[in-house]
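Structural description and commentary
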Amino acid sequence: MTLTQSRILEIQQTAHQVREDVVRMVHAAACGHPGGPLGMADFLSTLFLEHFNLTPENRHAPDRDRFILGNGHTCAGYYALLARKGLIPQEELMSFRKFGSRLQGHPHRNLDMGIDFSTGSLGNSLSVAVGMALGARLAGYENRVYSISSDGESQEGQIWEAATSASHYRLGNLTVIVDFNNIQIDGEMRKVMDVRDLRAKYEAFGWHAMDVDGHDVLAVHDALEAAQAVTDRPSALIAHTTIGKGVSFMEGKASWHGVAPNDEQAAQALEELAQSAP
Ligand SMILES: Cc1ncc(C[n+]2csc(CCOP(=O)(O)OP(=O)(O)O)c2C)c(N)n1
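The next point concerns the packing of aromatic side chains. Evaluated as defined, the whole model comprises 11 aromatic pairs. Consider the rings of F48 and Y78, whose centres lie 6.2 Å apart with planes at 75 degrees: the pair is edge-to-face. Remark: Y78 occurs in helix 3 (residues 75-84) and F48 occurs in helix 2 (residues 35-50); sequence separation between them is 30 residues. A relative accessible area of 2% places Y78 in the buried class. Measuring from ring centre to ring centre gives 5.1 Å for W160 and F205, while their planes differ by 45 degrees; the resulting arrangement is tilted. Placement of W160 in helix 5 (residues 157-168) and of F205 in the loop between helix 7 (198-204) and strand 6 (208-213) is noted, with a sequence separation of 45 residues between them. Look at F205 and you get partly exposed, because its relative accessible area is 29%. Of the aromatic side chains, those joined through ring pairs into one cluster are F48, F52, F67, Y78, Y79 and F96.

This paragraph deals with the site of the ligand. With respect to spatial proximity, 15 residues lie near the ligand, and among them G120, S150, D151, N181 and H257 are the closest. S150 is positioned such that a nitrogen or oxygen atom in its side chain is 2.7 Å from an oxygen atom of the ligand. For the ligand, whose unbound accessible area comes to 600 Å², protein coverage reaches 76%. In this structure, the ligand is accommodated by the largest pocket.

A word on helix 1 (residues 5-29). Compared with an ideal rise of 1.5 Å per residue, which puts 25 residues at 36 Å, helix 1 spans 36 Å between its outermost C-alpha atoms and is within 8% of the ideal. Immediately downstream of helix 1, the backbone of A30 shows phi near 60 degrees, a positive value.

Look at helix 1 against helix 2: their axes get within 8 Å of each other, and the N-to-C directions meet at 135 degrees. One element, helix 1, and the other, helix 2, form an angle in the oblique class. Helix 2 is crossed by helix 1, and the crossing has right-handed handedness. Residues R7, E10, I11, T14, A15, V18, R19, V22 and V23 of helix 1 touch helix 2, and the partners they reach there are P37, L38, A41, D42, S45, T46, L49 and E50.

Parameters at a glance
- Residues numbered from 1 in each chain as written.
- Predicted model: local features only at pLDDT ≥ 70, side-chain atom pairs only at ≥ 80, totals over all residues.
- Heavy atoms only, no water.
- Phe/Tyr/Trp six-rings, centres within 6.5 Å; stacked < 30°, edge-to-face > 60°.
- Helix = DSSP H or I, 4+ residues; strand = E, 2+ residues; numbered from the N terminus.
- Buried < 20%, exposed > 50% of the residue type's maximum accessible area, 1.4 Å probe, protein only.
- Near = heavy atom within 4 Å.
- Polar contact = N/O pair within 3.5 Å; in protein donor to acceptor, adjacent residues only side chain to side chain.
- Areas by Shrake-Rupley, 256 points an atom, 1.4 Å probe, with all protein chains shown as cover.
- 1 Å grid on protein atoms, 1.4 Å probe; cavity = no way out; pocket = protein on both sides within 12 Å on 5 of 7 lines; lining within 4 Å.
- Sits in = over half its atoms within 2 Å of the grid points.
- Expected span 1.5 Å × (residues − 1).
- Axes fitted to C-alpha atoms, helices over the stretch in contact; angles between N-to-C directions.
- Parallel < 35°, antiparallel > 145°, perpendicular 65-115°, else oblique.
- Left-handed = near helix turned anticlockwise from the far one by under 90°.
- Contact = heavy atoms within 4.5 Å.

Structure representation (structure tokens):
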């Protein structure tokens, strides 16, 4: 079912709040990764508000949807969305990356918070998602497994072993969303090691695959629905995004992959976000 204009606006407003949270969290921690979560805020907000069925009530239910953040370094936005969903107290967000906090710089499995898997070591995520999707099917669950990956993670060979398994076992309950921003830690992905056309690659591996504008809430929603309708093979959505989206001096810059804004930069970022609030 298509989204109403007011629902699209609600999702855009959530993405905006997530961006503000990310800037505040990484600034307060004085370390972390602001660029990725700013770029992923629109598609992750669409997924979390409209599709991923995690709630405080069902977080321990074995048959709820699963979520794995393969690019675990982008977890500031993940925590912010878990807070919006009521899984983490909003005030706890400011403990991000502090000693003793539950909210470390990479996600640690914690079902109380709805975190399904520990990530950070790139390359493992899709293999874990394949195992969860197979397990869910064996158990007779009707849930979906959402696995988030990135163009940088797609350079890992293990991703393609997992892609082979997923299509071999016809895992129609598995969707991977790839944050494709042409940026990784060392610079432009196309210069470091070009992964080329990921839609064509996933198709060649036997998947249903689509390119999607990762900042267009309606397009992301439609693509997630289309993926749900394909039940005989896994789906890959290649989300084209801009790293640092919403903050002019971070947009498109590899230098903002993993650096915290200083006081002045954080103030400017929050000012810009306030100006462009939906
Ligand atoms: C196995 C492994 N090797 C190296 C790293 C170090 N590392 C952290 S993030 C990153 C770049 C990942 O690229 P991408 O997810 O596309 O980055 P972004 O778009 O967030 O800038 C690397 C190489 C890691 N986390 N795991």
